[in-house]
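Descriptive structure summary
Given next are the chains, with one letter for each unit.
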Amino acid sequence: MANKGTFLGVSFFHNLQKEFSGYNGTKFSKDLLAGLTVTAVALPLALAFGVSSGLDAASGLITAIMAGLVIGSLSGASFQISGPTGAMAAILAGLAGSHGPDGVFLAGLISGIILIAVAALKVGALVSYIPTPVVTGFTSGIAVIIALGQIDNFFGTSSHGESALTRLFSYSELGFSPNLSALMYGMLVVLLMVFWPKKWNAKVPASLIGIIAALVLQIYLDLEVGEVGAIPRTLLGENRLHFSFITLGNIKTFLSPAISIAALGMVESLLCGSSAGKMKGDEKLNATQELYAQGIGNTLIPFFGGIPATAAIARTSVAIKSGGQTRLTGIIHALGLLASMFLLGSYMSRIPLAALGGVLMVTAWRMNEWNAIKQIFSKRIKTSMAQHLITLVATVVFDLTMAILIGIVFSMVMFVIRSNKIAIEIDDVTKDLVDTTRKTKVVYVDGSLFFGSQDLLTKEVELMITQKVKRIIFSVRGVPNIDHSSVNEFVEIVKMCRENSIEVLFCGVQPPVMHMFERLDFVEYLGRNNFYSSAVIALESLS
């Protein structure tokens, strides 16, 4: 994942020139076809994610259009398709429930500014340090939140609460009485998406067919179910961010959720770029440029009435598999959605919410990384299983930022626990090499020495003291790294040995370890003459 270049700098224009080198009518026709294909995939998802975010379908549509135009134009790669996503909608639903549309818009604006700052600091590469089980756990947690958030739409029921869990628990108080008409629409879409042939899906997405089928039935039957509602024929939504709402007090209130939104935007966009780049033929994503694009897009979108956007792997993969050549694919998809808004708005307003709920139920199931999950659990990798499950639960119970932090901290703790199992082997020196009146032992150490492995060597030395050892040679060729705590432990070991008239030597010290020894004055403390390149040389010098 490339991480070079500044926003609209030489690197960006150089990559743009390379992207459109040799561009002709043939390539444009491929971009046009791919763009229209992505439009068909994105339309039902945009409407569904707008509703599931706690706002309305129009907000999702506006987001997809603006993201395609702005973020698509400035993207760090030729293939990224951005817009509203299920993961983003899942964390916005709680915010919308507690603070309304204005809270979502302002948090989106702040998240955009944060992403621009992150891009300027060029720290996007940090995403690559998130362990895979943490990412899969987070994705599965988001899928659970999406599914729980669509129960009302899918079944035609009512609940209350600010989070998915509180809404779920509220059924015990309110009761659960499904609307059979809503359930029919939801199941119709689910069955179409599940059983629609894959070869047909590549040309006409099942989600679109399901939405159209539900729409036709609703227009004909006019059943008492919730509908999408009015779709404005304008890019300026009725609900949008106004400058009067941007106050210092409100900024402080929405800073925390904005950090979560920015974190999700960064993680989703860069992971999408890394995965999609391999599909495109190892085209590298410019992470810094991508974060600038995401930041600028999310700074502008709230003023039009859209929700925060991020790169979407499903739409991006469709664009690549449909033959998309350049970033014009994303722009064309946005223009296709814009045309749909103006030409089909009156029809889209009659789409049953249950149909969108069906789309999201299937989307939630499919967004799980089942191959990775199967590998983690079938191979019985206990640490990875724990990372996945802990992150999943934390995502559902807490917010995204907390979930990822918990997952990473747990991973670090488990790494420390595993890493403190250093191998220590102690050998008696053969008597033909040294004076037999001086009992000598060689201590072979293998593994990194750090605070987690403290006291293991000390205990071995204390045991050797009771055995009347007179000389100890530490062979540390197998120690690649050492930290301050372990150097201090060696200082205490040397001090303890000197108090018991035991000579201490070191051999096979690796450069990084010697560097720490010198920085912390351990070489001077022990004496430079007491360091040897190998145990054999040390023993020969003593014989």
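Residues numbered from 1 in each chain as written. Predicted model: local features only at pLDDT ≥ 70, side-chain atom pairs only at ≥ 80, totals over all residues. Heavy atoms only, no water.

Looking only at helices and strands, the protein has 24 helices and seven strands in total. Against the globule reference of 24 Å for 543 residues, the protein gives a C-alpha radius of gyration of 30 Å, more extended than a compact globule. Projected onto its principal axes, the C-alpha coordinates of the protein cover approximately 105 × 60 × 50 Å. With 543 residues in all, the protein has 50% of them scored as buried. Intrachain contacts of the protein at a sequence separation of at least 6 include 82% that bridge at least 24 residues. When the accessible area of the protein is evaluated, it comes to approximately 24,800 Å², of which 62% is carbon and sulfur surface. Of the charged side chains in the protein, 39 are positive and 35 negative; the average position of the first set lies 7 Å away from that of the second. (Helix = DSSP H or I, 4+ residues; strand = E, 2+ residues; numbered from the N terminus. Rg over C-alpha atoms; globule rule 2.2 N^0.38 Å. Buried < 20%, exposed > 50% of the residue type's maximum accessible area, 1.4 Å probe, protein only. Contact = heavy atoms within 4.5 Å. Areas by Shrake-Rupley, 256 points an atom, 1.4 Å probe, with all protein chains shown as cover. Lys, Arg positive; Asp, Glu negative; His and termini not counted. Charge placed at Lys NZ, Arg CZ, Asp CG, Glu CD.)

In this section: unusual backbone geometry. A positive phi angle, near 50°, is found at Asp222, a position not held by glycine. With respect to the helices and strands, the residue Asp222 is situated in the loop between helix 11 (206–221) and helix 12 (248–279). Non-glycine residue Lys468 carries a positive phi angle of around 60°. Relative to the helices and strands, Lys468 is located in the loop between helix 20 (456–466) and strand 5 (471–478).

Overall, the coordinates contain 19 aromatic pairs when judged by the stated rule. Measuring from ring centre to ring centre gives 6.0 Å for Phe490 and Phe517, while their planes differ by 85°; the resulting arrangement is edge-to-face. A residue pair is termed long-range when its members are at least 10 positions apart, and Phe490 in helix 21 (residues 484–499) and Phe517 in helix 22 (residues 511–519) qualify at 27 residues. The buried category is assigned to Phe490, whose relative accessible area is 2%. On the accessibility criterion, Phe517 (1% relative accessible area) is buried. Relative to Phe517, the ring of Phe506 lies with its centre 5.7 Å away and its plane at 75°, an arrangement referred to as edge-to-face. With a gap of eleven residues between them, Phe506 in strand 6 (residues 503–507) and Phe517 in helix 22 connect regions that are remote in the sequence. (Phe/Tyr/Trp six-rings, centres within 6.5 Å; stacked < 30°, edge-to-face > 60°.)

Summary statistics for the protein give a mean pLDDT of 85 and a share of 94% for residues scoring 70 or more. Mean pLDDT across the elements of the protein ranges from a minimum in helix 24 (residues 535–542), with 74, to a maximum in strand 1 (residues 82–83), with 94. (pLDDT = per-residue confidence, 0-100.)

Let us now look at the side chain of Ser59. Inspection of the secondary structure puts Ser59 in helix 3 (residues 57–74). Each residue touching Ser59, except ones within four places of it in the same chain, is listed here: Gly305, Gly306 and Ile307.

Turning next to the nonpolar core. Counting residues in each nonpolar core, the largest one holds 77 residues, and the members touching the most others are Leu47, Leu61, Ile231, Ile351 and Leu356. At 13 residues, helix 4 (residues 86–121) tops the list of elements feeding residues into this core. Once you skip the residues sitting within four places of it in the chain, Leu356 turns out to touch Pro44, Leu47, Ala48, Val51, Ile211, Val228 and Ile351. Membership of the second largest hydrophobic core comes to 31 residues, among which are Val445, Val469, Met516 and Leu526. (Core = buried A, V, L, I, M, F, W, Y, C linked by side-chain atoms within 4.5 Å.)

Moving on, we get to the sheet that holds strand 5. Spatial strand order, 3-4-5-6-7: five strands in an open sheet with mixed pairing. Only two strands of the sheet have a single neighbouring strand rather than two, namely strand 3 (423–428) and strand 7 (531–532). Running at roughly 20° to strand 3, helix 20 makes contact with strand 3, strand 4 (440–446) and strand 5 of the sheet. (Pairing = 2+ DSSP bridges. Axes fitted to C-alpha atoms, helices over the stretch in contact; angles between N-to-C directions.)

What follows covers the packing of helix 4 against helix 12. Relative to each other, helix 4 and helix 12 sit at 70°, their axes nearing to 5 Å. When the axes of helix 4 and helix 12 are compared, the pair comes out roughly perpendicular. Partitioning the contact of helix 4 with helix 12 into residue classes produces 21 nonpolar, seven polar and one charged. (Parallel < 35°, antiparallel > 145°, perpendicular 65-115°, else oblique. Nonpolar A, V, L, I, M, F, W, Y, C, P; charged D, E, K, R; others polar.)

The next point concerns the pattern of salt bridges. Following the criterion strictly, the structure yields six salt bridges and no others. The residue Arg327 makes a salt bridge to Glu19 at a minimum N-O spacing of 2.9 Å. Here Arg327, found in the loop between helix 14 (313–321) and helix 15 (328–348), pairs with Glu19, found in helix 1 (residues 10–19); they are 308 residues apart in sequence, far enough to count as distant. Here Arg528 and Glu518 are joined by a salt bridge, their closest N and O atoms 3.5 Å apart. In this pair, Arg528 sits in the loop between helix 23 (522–526) and strand 7 while Glu518 sits in helix 22, placing the two residues ten residues apart along the sequence. We classify Glu518 as partly exposed; its relative accessible area is 38%. (Salt bridge = Lys/Arg side-chain N within 4 Å of Asp/Glu carboxyl O.)

Scanning the entire structure with this criterion turns up zero disulfides. Cysteine Cys507 shares no disulfide, and the gap to the nearest cysteine sulfur, in Cys497, comes to 15 Å. (Disulfide = S-S within 2.5 Å.)

This part takes up empty space enclosed by the protein. A probe matching the size of a water molecule, rolled over the atoms, marks out where space remains unfilled. Here the structure, examined in full by the defined rule, presents one cavity of 30 Å³ or more. In terms of lining, the largest cavity is formed by Ser78, Phe79, Lys280, Ala319, Ile320, Gly324, Gln325, Thr326 and Thr329. Here the residues of the lining of the largest cavity sort into three nonpolar, five polar and one charged. (1 Å grid on protein atoms, 1.4 Å probe; cavity = no way out; pocket = protein on both sides within 12 Å on 5 of 7 lines; lining within 4 Å. Points joined across faces, edges and corners; volume = space filled by probe spheres on them.)

With that settled, the discussion passes to the pairing of strand 4. A large share of strand 4 lies buried, amounting to five of its seven residues. Alignment of strand 3 against strand 4, held across six bridges, turns out to be antiparallel. Residue pairing in the sheet places Asp427 in a bridge with Val442 of strand 4. Strand direction decides the pairing type here: strand 4 and strand 5, joined by six bridges, are parallel. Its bridge partner lying in strand 5, Val443 is registered against Phe474.

Note that Leu271 resides in helix 12. On a C-alpha basis, the gap between Leu271 and Val135 in space is 9.5 Å, while along the polypeptide they are 136 residues apart. With near-sequence residues (within four places) excluded, Leu271 lies in contact with Val127 and Val135.

Helix length check: helix 2 (residues 25–52), at 28 residues, gives a terminal C-alpha distance of 40 Å against a target of 40 Å (1.5 Å per residue), a fit within 8%. Of all the bends in helix 2, the greatest reaches close to 35° and is centred on Ala42; the proline Pro44 follows between one and four positions later. By the N-cap criterion, in which a side-chain oxygen at the helix start approaches the backbone nitrogen of a residue two or three places on, helix 2 is capped by Asn24, the distance to Thr26 being 3.2 Å. Of the residues flanking the end of helix 2, it is Gly54, one or two places downstream, whose phi is positive at about 100°. (Expected span 1.5 Å × (residues − 1). Bend = angle between axes of the 7 residues up to and from the residue. Polar contact = N/O pair within 3.5 Å; in protein donor to acceptor, adjacent residues only side chain to side chain.)

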